[in-house]
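Structural overview for review
Here is what each chain is made of, one letter per residue.
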Amino acid sequence: MADRLKGRSAIVFGAGSSGPGWGNGKATATAYAREGARVACVDLVQEAAEETASIIAGEGGEAIAVAADVTDTGSVASAVTQVVERLGGISILHNNVGVTHMGGPVELSEEQFEAALKLNIGPIYRTAKVVIPHMLRQGGGAIVNISSLAAIRWTGYPYFAYYATKAAVNQATVALAMQYARQGIRANCIMPGLIDTPLIYRQIAGQYGSVEEMAAARNAAVPVGRMGTAWDIANAAVFLASDEAQFITGVCLPVDGGQSCAVSEFR
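I will try to describe carefully the structure that is included in this document. No experiment lies behind these values; they were computed from the predicted model shown.

**Section: empty space enclosed by the protein**
- Scanning all chains against the criterion turns up one cavity of 30 Å³ or more.
- By volume, the largest cavity amounts to about 30 Å³.
- Lining the largest cavity are Asn95, Asn96, Val97, Leu119, Asn120, Pro123, Ile124, Ile146 and Lys166.
- No other element matches the four residues that helix H4 (residues 110-138) contributes to the lining of the largest cavity.

**A short note on the layout of surface pockets**
- Of the pockets and cavities examined, the largest pocket occupies roughly 1000 Å³.
- Residue lining of the largest pocket: 43 residues in total, with Asn96, Val97, Gly98, Leu199 and Gln203 positioned closest to the centre.
- Among the secondary structure elements, those contributing two or more residues to the lining of the largest pocket are helix H1 (24-34), strand S2 (38-43), helix H5 (160-180) and helix H6 (198-203).
- Here the lining of the largest pocket gets five residues from one element, more than from any other, and that element is H6.

**Comments concerning the pattern of salt bridges**
- Following the criterion strictly, the structure yields six salt bridges and no others.
- A salt bridge links Arg4 to Glu244, with the shortest nitrogen-to-oxygen separation between them at 3.1 Å. Of this pair, Arg4 sits in the segment before strand S1 (9-13) while Glu244 sits in the loop between helix H8 (230-241) and strand S7 (252-255), placing them 240 residues apart in sequence.
- Relative accessible area serves as the criterion here: at 30%, Arg4 is assigned to the partly exposed category.
- One salt bridge connects Arg34 with Glu59, and the closest N-O pair in it is separated by 2.7 Å. Highlighted residues: Arg34 in helix H1 and Glu59 in the loop between helix H2 (46-58) and strand S3 (63-67), separated in sequence by 25 residues.
- Residue Arg34 is classed as partly exposed on the basis of its relative accessible area of 31%.
- Glu59 sits in the partly exposed class, given a relative accessible area of 36%.

**Things to note about the side chain of Glu35**
- Structurally, the position occupied by Glu35 is in the loop between H1 and S2.
- The exposure class of Glu35 is buried, given its relative accessible area of 12%.
- Only 3.2 Å separates the side chain of Glu35 from the backbone nitrogen of Arg4, close enough to count as a polar contact.
- Sequence-distant contacts of Glu35, that is, excluding residues within four places in its chain, are made with Ala2, Asp3, Arg4, Leu5, Lys6 and Val238.

Analysis parameters
- Residues numbered from 1 in each chain as written.
- Predicted model: local features only at pLDDT ≥ 70, side-chain atom pairs only at ≥ 80, totals over all residues.
- Heavy atoms only, no water.
- 1 Å grid on protein atoms, 1.4 Å probe; cavity = no way out; pocket = protein on both sides within 12 Å on 5 of 7 lines; lining within 4 Å.
- Points joined across faces, edges and corners; volume = space filled by probe spheres on them.
- Helix = DSSP H or I, 4+ residues; strand = E, 2+ residues; numbered from the N terminus.
- Salt bridge = Lys/Arg side-chain N within 4 Å of Asp/Glu carboxyl O.
- Buried < 20%, exposed > 50% of the residue type's maximum accessible area, 1.4 Å probe, protein only.
- Polar contact = N/O pair within 3.5 Å; in protein donor to acceptor, adjacent residues only side chain to side chain.
- Contact = heavy atoms within 4.5 Å.

Below, the structure is given as structure tokens:
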């Protein structure tokens, strides 16, 4: 283990994985622990949170598993109370929860659109509402939100609600960064591009003829020639949470293999 985050405590919302392998939240929670942080692995599914916490413990790190529903402020508050009591505070807030619903405004149901608002942008508000008071009492902290390259450009997929809500995550992050800059709280977000995680096989694969076709198309669309991995996101998160980024706040960082610079769309 290294020690860039030694002595700090991190709460990772969405620390479980949606399937076998490494999702962004699972990898980030593990990466935080490898850098010395005590990590609270929070997920809607208790078993998923426990799996990540078990991996961290197996590597000699310190982690706890907590179940919480990020669409409910009371549930978030309960989780944060548990984490503060068990880990002694919260130095790092990491938000990694989101969902895609395919369809434009014509195809999307009202329920799907409302669900996207509640799950993609709502947790930024709810977790900040509950965690920031603790950070203020401690004299500061770091917030890392996971957005998407879809926040700033068309990606080739027809998911209107995802574009809208991820753009909101970007500006919400900037708002947090500016409001609390003088109080020692930094806030940044990461915009993943095409990342090979379990989630894409559940929420994206249906846009292609086969999983193999999806993987080939996504790899070919990235300037560096391949999709990223959850560890690419995790490594960026560790940097933004560490003192190496102490003069960085309000940044929406593309981690995308150059995709944000490319003329062509993803697909």
